[in-house]
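Coordinates in review
What follows is the residue order along each chain.
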Amino acid sequence: MPTPSPTAMRPDLHRLHWIEHHLLGHPTPAEAADWRTQQLVDAELAADTEIQRQLYQGLYQAGRQQLRWELDQIHARLQHSARRRGWLQAATDVLRRTLRLLPGR
């Protein structure tokens, strides 16, 4: 779905789009210079930008924590399987050795 042109957006959505562009996008050097000037002139824009930056940082950290938790769960399952497999392997090894000692083998 194409991004609507900034002029077609409501002013508050345009402002958010502009903030996101500068936080997540790759503004040109001219856009970056204009952005710094706008933040000096518009304290509300600077505050909104900082709030959005903190929100992104929080989402990033939450995502990392979720990923870490999921990896820990996978690791625990693999460890549990390895321990079970180890026990089963040990039990079957004893049976194999016993079967080899039987006459006729």
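The paragraphs below set out a description of the structure included in this document.

**Examining the overall build of the chain**
Helix and strand content of the chain: 3 helices and 0 strands. In the chain, the succession of α and β elements from N to C terminus is α-α-α. Counting the 105 residues in the chain, one finds 9% classified as buried. Carbon and sulfur atoms make up 61% of the accessible area of the chain, which amounts to about 9,000 Å² in all.

**Considering the pattern of salt bridges**
A side chain of one charge can pair with a side chain of the opposite charge when the charged atoms of the two come close. Evaluation of the coordinates by the stated rule reveals 4 salt bridges. Residues Asp12 and Arg10 are paired through a salt bridge, measuring 3.4 Å at the closest nitrogen-oxygen approach. Overall, Arg10 belongs to the exposed group, its relative accessible area being 52%. Connected via shared salt-bridge partners are Arg15, Asp42 and Asp48.

**Let's talk about the packing of helix α1 (residues 11-24) against helix α2 (residues 29-41)**
Where α1 meets α2, the axes come as close as 11 Å, and the angle between the chain directions of the two elements is 120 degrees. By the angle between their axes, α1 is oblique relative to α2. Of the two elements, α1 crosses α2, and the hand of that crossing is left-handed. Only Glu31, Ala32, Asp34, Trp35 and Gln38 of α2 make contact with α1, whose side of the interface consists of Trp18, Ile19, His21 and His22. Split by residue class, the contact of α1 with α2 holds 4 nonpolar, 3 polar and 2 charged.

**Section: the packing of aromatic side chains**
Under the counting rule described, the total for this entry stands at 1 aromatic pair. When the centroid spacing of 4.7 Å and the interplanar angle of 85 degrees are considered together, the rings of Trp18 and Trp35 count as edge-to-face. Taken together, the residues span a long stretch of sequence, with Trp18 in helix α1 and Trp35 in helix α2 at a distance of 17 residues.

Parameters at a glance
- Residues numbered from 1 in each chain as written.
- Predicted model: local features only at pLDDT ≥ 70, side-chain atom pairs only at ≥ 80, totals over all residues.
- Heavy atoms only, no water.
- Helix = DSSP H or I, 4+ residues; strand = E, 2+ residues; numbered from the N terminus.
- Buried < 20%, exposed > 50% of the residue type's maximum accessible area, 1.4 Å probe, protein only.
- Areas by Shrake-Rupley, 256 points an atom, 1.4 Å probe, with all protein chains shown as cover.
- Salt bridge = Lys/Arg side-chain N within 4 Å of Asp/Glu carboxyl O.
- Axes fitted to C-alpha atoms, helices over the stretch in contact; angles between N-to-C directions.
- Parallel < 35°, antiparallel > 145°, perpendicular 65-115°, else oblique.
- Left-handed = near helix turned anticlockwise from the far one by under 90°.
- Contact = heavy atoms within 4.5 Å.
- Nonpolar A, V, L, I, M, F, W, Y, C, P; charged D, E, K, R; others polar.
- Phe/Tyr/Trp six-rings, centres within 6.5 Å; stacked < 30°, edge-to-face > 60°.

On their own, these measurements won't tell you what the molecule is for.
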